[in-house]
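So the chains spell out like this:
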Amino acid sequence: MNVVVVESPAKAKTINKYLGPGYKVLASFGHVRDLPAKDGSVLPDQDFEMTWEVDTASAKRMKDIADAVKNSDGLFLATDPDREGEAISWHVLDLLKKKKVIGDKPVKRVVFNAITKKAVLDAMANPRDIDTPLVDAYLARRALDYLVGFNLSPVLWRKLPGARSAGRVQSVALRLVCDRESEIERFVAEEYWNLSALLKTPRGDEFEARLVAADGKRLQARGVKNGEDAGRLKALLEGASYTVETVEAKPVKRNPGPPFTTSTLQQAASSNLGFSASRTMQVAQKLYEGIELGGETVGLITYMRTDGVQMAPEAIDAARVAIGEQFGARYCPEKPRFYSTKAKNAQEAHEAIRPTDFNRSPDQVRRFLEGDQLRLYELIWKRGIASQMASAEMERTTVDIEASNGTERAGLRAVGSVVRFDGFLAAYVDQREEGEAAEDDEDGRLPEINAREKLAKSKVNSSQHFTEPPPRYSEASLIKKMEELGIGRPSTYAATLKTLSDREYVTIDKRKLTPQAKGRLVTAFLESFFTKYVEYDFTADLEEKLDKISAGELDWKQVLRDFWKDFFGQIDETKELRVTNVLDALNEALAPLVFPKRDDGSDPRICQVCGTGNLSLKLGKYGAFVGCSNYPECNFTRQLSSDGSEAEASALSEPKALGADPHTGEELTLRSGRFGPYIQRGDGKEAKRSSLPKGWKPEDIDHEKALALIGLPRDIGKHPESGKMISAGLGRYGPFVLHDGTYANLESIEDVFSIGLNRAVTVLADKQSKGPGRGRNAAVALKELGDHPDGGPIVVREGKYGPYVNWGKVNATLPKGKDPQSVTAEDALALIAEKAGKMPAAKTKAKKAPAKAATGAAKTATKAAATKSAAKTKTAAKPTAKAAPKAKKTGT
């Protein structure tokens, strides 16, 4: 029997069916070990030695794999066909070697681009060894990301409170978003006018022609700059006679684009389907791993992390056959199409994303797929088959017209295009993102127009316009820009965008990325003091070096040495950096955000409350805010926000009275603090306060709203089963309902004031049915130890902070280094007794067990506790190493 290791259990199940009883397919569940999130995991002084950590869940899976390999004839490592897949195989093999279960057993690496029976069997018949340069590239990338994150992030925490993290790719992507926002802020709208004439042919057909030349010269785009010139030209056209100078009809061919890569799929799914990058990858992963089709699990698409644009020869042949059958012979070109990528630093080792079988049309699999799966598969199928179809054939007609008014002349042009043969457009048409230029200036057919014939004027149109700033990036356009610059790799785009959102550096609203104040501060800081490491070219050059490592052209350790020498020097220099230096740099870099223009034209850097103090950024425990230099005499502060409204700050520079609370008689006031506007009832330290919820503007707050907000939490009614009160309120994570310690989120703040008892009970029931935690899964059960002497099961579980023993409501953490699988019932009873003795009586009840249960369990544990105490005594005299400070988790 041979053991095959893949990443996911879904993949394992499918491949096991293909290979039959001679193979045992096991899942690693992704990476089996990683660098611990603490200082010292990568040691530059020891030539970048890396310390790996295996978490409890992975340790259990590796034990299962090791046990299977021990009794096997050989090992096949069949993880994904990319750098991360190669790294997982390397990690698994390294751990198995350390467990000494490999011996002289053959170990082979197999890769397949699609999970179909043919692809898997072909791969198994053609194994190879682990690709060492690809693993080296993974190690270099992982070390670089760690060194940047765990050395640059602490600088941010010390010099820029409130900042969360910095990362090698993350910070450069954030800079792109912030630079675009700065462009928008600096943008000055320019006036321009468009002029056109509605003309009629001798046959009575109307068409529109636009002004393109005047005063003897061609007009540039937006060439008419003011109303005076527009009026003069309109008068010329109003009194002019019109003659057709030339009519030119040209055949034009439009070629299809290549099949999808990771980034183009994410872009198209955003534009066409409204999917986020992470959603696209989630759905694509499922399509790749396999869908149940009539009793058989089949992978519907090829591997979805790739920057290759070519398809395998057999796939091209299959696509051409499908085109002939489904669209007709004319739609299949004489020769196959071949593509090469234009993306910087792209590697074309893998195929593009395509259907595994072009004969499996979207209509044929519709009943087997969920909504999003079908939509994404249809997009991939259509783009894949269109890439091998004939060009669209169009006729583009250009008509040039002379307008003459006495001695004055002007030129007009009408353009129309007609599709003569739709070609690949019969299968696929791309949607455009906002701000992208149309491929054709004009669409639609022009009437019959002949050269030198006279035209009648029906109407002259003149319209004023203003130039618009560049649009904010969407996920799709940001990914496109990152790919053009060579920043990041296909597998990192979705994770990078998620990190920026999770860190609250950007928000995504109506598919547009808006940098938040926190993100702009981080970018300004890095641009001021770590310029090199957020430069686009530097990041792209580093990516190119990593690709050369993959190709075996560079030594990965030398790349790390070169990087670390300069980077460490830059980090070291910041030790002398004073907060005043940081603030001065940020004040200048973020002037439009920190000092927005005032309507009255006064100096935005002068405090509008005291009139003499200078405003400046200040750094507090929770981040940056704007404050007055005359503090404490002037206590004006303003929250630094991405919309930075000075009017709002001025309106709230003094408390605004909203009326009295009828229940307490205390005054309600609207105030502004460094964390934004809030409602306060009464005065002094005991005054009750409530921040304005998201979406509520200070100018809209009246007595009624203030009273409702300050009155939270609101009692809704007693739960029909428990008899305990259900309340609604506003918390750290937004609006909620609460019953007996269980919270359930509400969709909007309005629900807090309007929700009734019946709906509240339903919302709570839905929450309980989904299990515990905000977005967390229930703790994994690792081992069952039987029932407690006083009733109720004892279970060893894997939790957020490590393994623990659970009995009812008592959770006792396992000692550090204790293997969860080695815990006995006696060990568990001792831990439960120790924990129960420290807990308040109300919290130690499990089922109906009385408090004496802990005492009984303690007797059982006496010997174990005594042994533990003796062991502590023996080691007490030994010096211990100073514990490394706990580091915050950083982004990529």
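Note that the structure is predicted; figures quoted are calculated from it, not measured.

Trainee: Go over the confidence of the model for the protein chain, please, and point to the residues and values.
Mentor: Confidence along the protein chain averages 84 in pLDDT terms, with 87% of residues attaining 70 or more. Counted against residues more than four places away or in other chains, residues 644–651, with its pLDDT under 50, gives 13 contacts.

Trainee: I'd like to hear about the pattern of salt bridges, residue by residue, with values.
Mentor: As enumerated under the stated definition, the model contains 46 salt bridges in all. A salt bridge links Glu248 to Lys250; the nearest nitrogen and oxygen atoms lie 3.9 Å apart. Judged by relative accessible area, Glu248 falls into the partly exposed class, the value being 42%. Among the charged side chains, a salt-bridge network with shared partners connects Asp47, Asp555, Lys557 and Arg561.

Trainee: For the sheet that holds strand β1 (residues 2–6), give the residues involved together with the corresponding values.
Mentor: On the basis of which strands lie adjacent, the open sheet formed by four strands has the order β2-β1-β5-β6 and parallel pairing. Strands at the two margins of the open sheet, each flanked by one partner only, are β2 (23–27) and β6 (107–109). Put simply, the sheet's adjacent strands are angled 20 degrees from each other on average, direction ignored. Taken together, the four bridges between β1 and strand β5 (residues 74–77) define a ladder with parallel strand orientation. What sits directly across from Val4, in β5, is Phe76. Together, β1, β2 and β5 form the strand contacts of helix α2 (residues 56–70), whose direction differs from that of β2 by roughly 165 degrees. Here helix α3 (residues 83–98) sits on the sheet and contacts β1, β5 and β6; the angle it forms with β5, its principal contact strand, is near 155 degrees.

Trainee: Could you give an account of the pairing of strand β32 (residues 810–813), with specific residues and numbers?
Mentor: Residue alternation in β32 divides its side chains into a buried set, Val810 and Ala812, and an unburied set, Asn811 and Thr813. Relative to β32, strand β31 (residues 802–807) runs antiparallel, the two being bridged by four bridges. Within the sheet, the bridge partner assigned to Val805 lies in β32 and is Ala812. Counting the residues that bridge the hairpin from β31 to β32 gives two residues, and of these Gly808 lies at a positive phi of roughly 60 degrees.

Trainee: How would you sum up the sheet that holds strand β20 (residues 637–639)? Please name residues and give values.
Mentor: Hydrogen bonds between backbone atoms are what pair the strands of a sheet, whose relative direction is either parallel or antiparallel. Ordered in space as β18-β19-β20, the three strands form an open sheet in which the pairing is antiparallel. The strands lining the two open edges of the sheet, one partner per strand, are β18 (615–620) and β20. In this sheet, adjacent strand axes meet at a mean angle of 35 degrees when their direction is disregarded. Of the pairings in the sheet, the one linking strand β19 (residues 623–628) to β20 comprises three bridges and is antiparallel in character. Residue pairing for β20: Gly627 is matched across the bridge by Thr637.

How each quantity is defined
Residues numbered from 1 in each chain as written. Predicted model: local features only at pLDDT ≥ 70, side-chain atom pairs only at ≥ 80, totals over all residues. Heavy atoms only, no water. pLDDT = per-residue confidence, 0-100. Contact = heavy atoms within 4.5 Å. Salt bridge = Lys/Arg side-chain N within 4 Å of Asp/Glu carboxyl O. Buried < 20%, exposed > 50% of the residue type's maximum accessible area, 1.4 Å probe, protein only. Pairing = 2+ DSSP bridges. Helix = DSSP H or I, 4+ residues; strand = E, 2+ residues; numbered from the N terminus. Axes fitted to C-alpha atoms, helices over the stretch in contact; angles between N-to-C directions.

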